Each structure stands twice: as C-alpha cells, then as structure tokens.
Amino acid sequence: MTASLQPSVATREVGLAQLSLLDTAPPDLVLIAAEAGFDFIGARVRPVTPTERAYDLAPGSPMLAETLANVRSTGVRVLDTEFLLIDGTNGAGAPASPDAARGRADGQRDAWLPMLEAARALGAETLTVASADPDPVRFAETFALLAEDGREFGITPTLEPISYQRINSLASAAAAARAAGARVVVDTLHFRRFGGALEELAAMADLVPMLQLCDAPAARPADRGGLIHESRAARLAPGEGGLNLAEIVAALPSGTPVSVEAPSPADVVRFGELGWARHLKQAADRVREEAHTLIPSPAEPNGATR
C-alpha cells in the first residue's frame, strides 16, 4: 500500500487515462481507477484507429448509464474526454470544402458534436484534440468552430501538441488555443520529444488544465514511425525512464491535476489491468512527491522560507 501523502502534495489530483488501459471499457475503468486510488479518469468517446474498440457513451446508451452509476458509487469522476484529430478533411478522407469556416468544418463537426454530447453526459470538462491539418488557416477556423460549439455544451477543447503532428510545440499550441478561446493539454512524452522548455510551460500555466504523465527512455526515436509506436504502445510508468518528470510537474501550479497516460500492452498482460493501474498510481505518487520538493516554499515576512 502506498504511504499517505502530505496534504500539500495530495492537492494535485491524479487520474487514469483511457489510453493506459485502452481495451478496458469506461465503466470498468472507473472501478479499476477507484480500487487503485485514482481521483478521476479520462474517457475515450471516439476511437482513433480502425482497430480500436469503440465505446458507445452517447446519451441514453447502456454503457453511459453504467459508467455514471460507477462514478456515483465510487466518487471517481470523468474529467476529460478524447480524441479527435483535426485533419482538414470532410470526415470521409476528402479535403474539406474551400468555403466559409462552417462549411469547411462540416465533416469533422459531424464527428465532434456527438463527442461533445457524450462529454457533457459524462460530466467531463474537456475534449482533447490534435492537429494534422497542413493548412493553418483552415485549422484555426475549424478549431474556433469547435470551441464555439464546445461552449454550448459546457466543454472546453484542449489542444495537445504532439511531436509527430502539425502542431508540435508549446508556442504553436498556445497561440492556437488563445485565438480560439480553448486550452492546451501537455503530455510529458511529447514535451520532451519536441524539446519543450520548462520556462515556457510555466509561462502558459493558465492555459493548461491538466498534465498527461508518463515516462520513456531519454533518447528520442529515430523517425516518425518510432515516435508513433512509442506514443501509442511503448510508454513507461512515471519515474521509470529518463524524462525527468518531476521538474515538468513542478513547472505547473500545485493544483494542476495529472493524468497517467502510459499505454504498454505488454505491461497490461504482465501485471493485469488492476495491477498495471496500481503500479501506475504508485509510480505517479512518487513523481508527485519529488515534484513537491522542487517547488519553492513561500517566503516568510523576514525573507526566510519555511
């Protein structure tokens, strides 16, 4: 059993991302997260790849009802939902219309409206997206429309800068989010892979509602294919790699939650679903404690520190 954390450390909530247990349906993910000691989960309301299991969390679905029942019984809430790749197509693989912004986004709007409905029904706060659109103007228009729709549902889109996608830096993600009235979710793996700076992260803390936490070897994969494989299936538990996670966590306010996103199918087989979740929670707590030691203590009136 993990030792109790100091109250000041425990103020930073820890969640379990769907990608850590991708084949675990959200109702079961809530139960596993609760047993492992997590505060919240992230739910996958739309599959990313054709081979992924799809979870029907639409309003009125049995899976939504079961998920919400487990949320009520455990106290583990759904904080974030995912995942939409904004790619500049009409939703069927063809380039979007060159018409006005609403026309250009119509195809993907058909994808994100059900996601926003599911997110609201789950009681979530955010919907994570990324950009693969080669046209920055079209992406800006599409993202602004998504943010506009999100406000009607009470859901804030969060743009994730990903090392192998079009928006792959803190600066570009922050600029796009501020322009659209959205926010940015930062992943520790991608932060290291695209060479993020701690000072830049701290300066945009007001835009970051959550940090995704995982580890990996310090060395960057040699090519895009390697980055994709690492991101989707070969991450390490927090503190078990070379990404120096504590300083990234410490760059954000102590109230910023962290969500452990560490997909590793081999480890799920080795530990079992609950065993892997427990391992991730214990690993995240150790990083959280280390990060707390890096945060400067408040100055006393005479200039001393606690």
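As a reminder, the structure under discussion sits directly above these lines.
Analysis parameters
- Residues numbered from 1 in each chain as written.
- Predicted model: local features only at pLDDT ≥ 70, side-chain atom pairs only at ≥ 80, totals over all residues.
- Heavy atoms only, no water.
- Salt bridge = Lys/Arg side-chain N within 4 Å of Asp/Glu carboxyl O.
- Helix = DSSP H or I, 4+ residues; strand = E, 2+ residues; numbered from the N terminus.
- Buried < 20%, exposed > 50% of the residue type's maximum accessible area, 1.4 Å probe, protein only.
- Core = buried A, V, L, I, M, F, W, Y, C linked by side-chain atoms within 4.5 Å.
- Contact = heavy atoms within 4.5 Å.
- Expected span 1.5 Å × (residues − 1).
- Pairing = 2+ DSSP bridges.
- Right-handed = clockwise from strand over helix to strand, strands pointing away.
- Axes fitted to C-alpha atoms, helices over the stretch in contact; angles between N-to-C directions.

**Student:** Explain the pattern of salt bridges residue by residue, including any values.
**Tutor:** The final tally for this structure, using the stated rule, is 14 salt bridges. Here D149 ties to R109 by a salt bridge, and the two come within 2.7 Å at their closest N and O atoms. In this pair, D149 is assigned in helix α5 (residues 136-153) and R109 in helix α4 (residues 101-122), connecting sequence segments 40 residues apart. As a salt-bridge pair, D285 and R288 come within 2.6 Å of each other at their nearest N and O atoms. Pair noted here: D285 and R288 are both in helix α12 (residues 273-294), with a separation of three residues, about one helical turn. Comparing D285 with R288 shows no difference in burial state: the two are buried. One salt-bridge network, held together by shared partners, links R44, E52 and E82.

**Student:** Tell me about unusual backbone geometry, residues and numbers included.
**Tutor:** Cis peptide bonds are those with omega within 30 degrees of zero, and the linkage from E82 to F83 qualifies with 10°. By the secondary structure assignment, F83 is in strand β3 (residues 77-86). In this structure, N244 is a non-glycine residue whose phi angle is positive, near 50°. With respect to the helices, strands and loops of the structure, N244 is situated in the loop between α9 (224-233) and α10 (245-250). With relative accessibility at 40%, the residue N244 sits in the partly exposed group.

**Student:** Give me the nonpolar core: which residues, what numbers.
**Tutor:** Counting residues in hydrophobic clusters, the biggest one holds 80 residues, and the most contacted among them are F38, F143 and L201. Setting aside anything within four residues of it in sequence, one finds F143 in contact with I86, V129, P157, L159, A176, A177, A180 and A182. Core analysis: the second largest hydrophobic core is formed by six residues, A130, I162, Y164 and L227 among them.

**Student:** Account for the environment of A179, naming residues and giving values.
**Tutor:** Here A179 lies in helix α6 (residues 170-180). On the basis of relative accessible area, A179 is assigned to the exposed category, the value being 69%. In sequence terms A179 and F143 are 36 residues apart; their C-alpha atoms lie 9.2 Å from each other.

**Student:** Go over α12 with me, naming the residues and quoting the values.
**Tutor:** Along its 22 residues, α12 runs 32 Å from first to last C-alpha, staying within 8% of the 32 Å computed at 1.5 Å per residue. Where α12 is concerned, the buried positions are W276, A277, H279, L280, K281, A283, A284, D285, V287, R288 and A291.

**Student:** Outline the pairing of strand β2 (residues 40-44), listing residues and values.
**Tutor:** Burial analysis of β2 places five of its five residues in the buried class, which makes it a mostly covered element. Burial of the side chains of β2 extends over both faces: F40, G42 and R44 are buried on one face and I41 and A43 on the other. In this structure, strand β1 (residues 14-16) lies alongside β2, joined through two bridges in parallel fashion. The residue bridging L16 from the neighbouring strand is I41, located in β2. This β-α-β element, β1 to helix α2 (residues 26-36) to β2, shows right-handed connectivity. In terms of handedness, the path from β2 via helix α3 (residues 62-74) over to β3 forms a crossover that is right-handed.

**Student:** Residues and numbers for the sheet that holds β3, please.
**Tutor:** Strands belonging to one sheet form pairs held by backbone hydrogen bonds; the direction of such a pair is parallel or antiparallel. Spatially, β6-β5-β4-β3-β2-β1-β9-β8-β7 is the arrangement adopted by the nine strands of the open sheet, whose pairing is parallel. At either end of the open sheet lies a strand with only one pairing partner, and these are β6 (183-184) and β7 (186-187). Two elements, strand β8 (residues 211-213) and strand β9 (residues 258-260), share three bridges in a ladder whose sense is parallel. Following the sheet pairing, L211 is matched in β9 by V258. Packed onto the sheet, α2 meets β1 and β2 and runs at close to 160° relative to β2.

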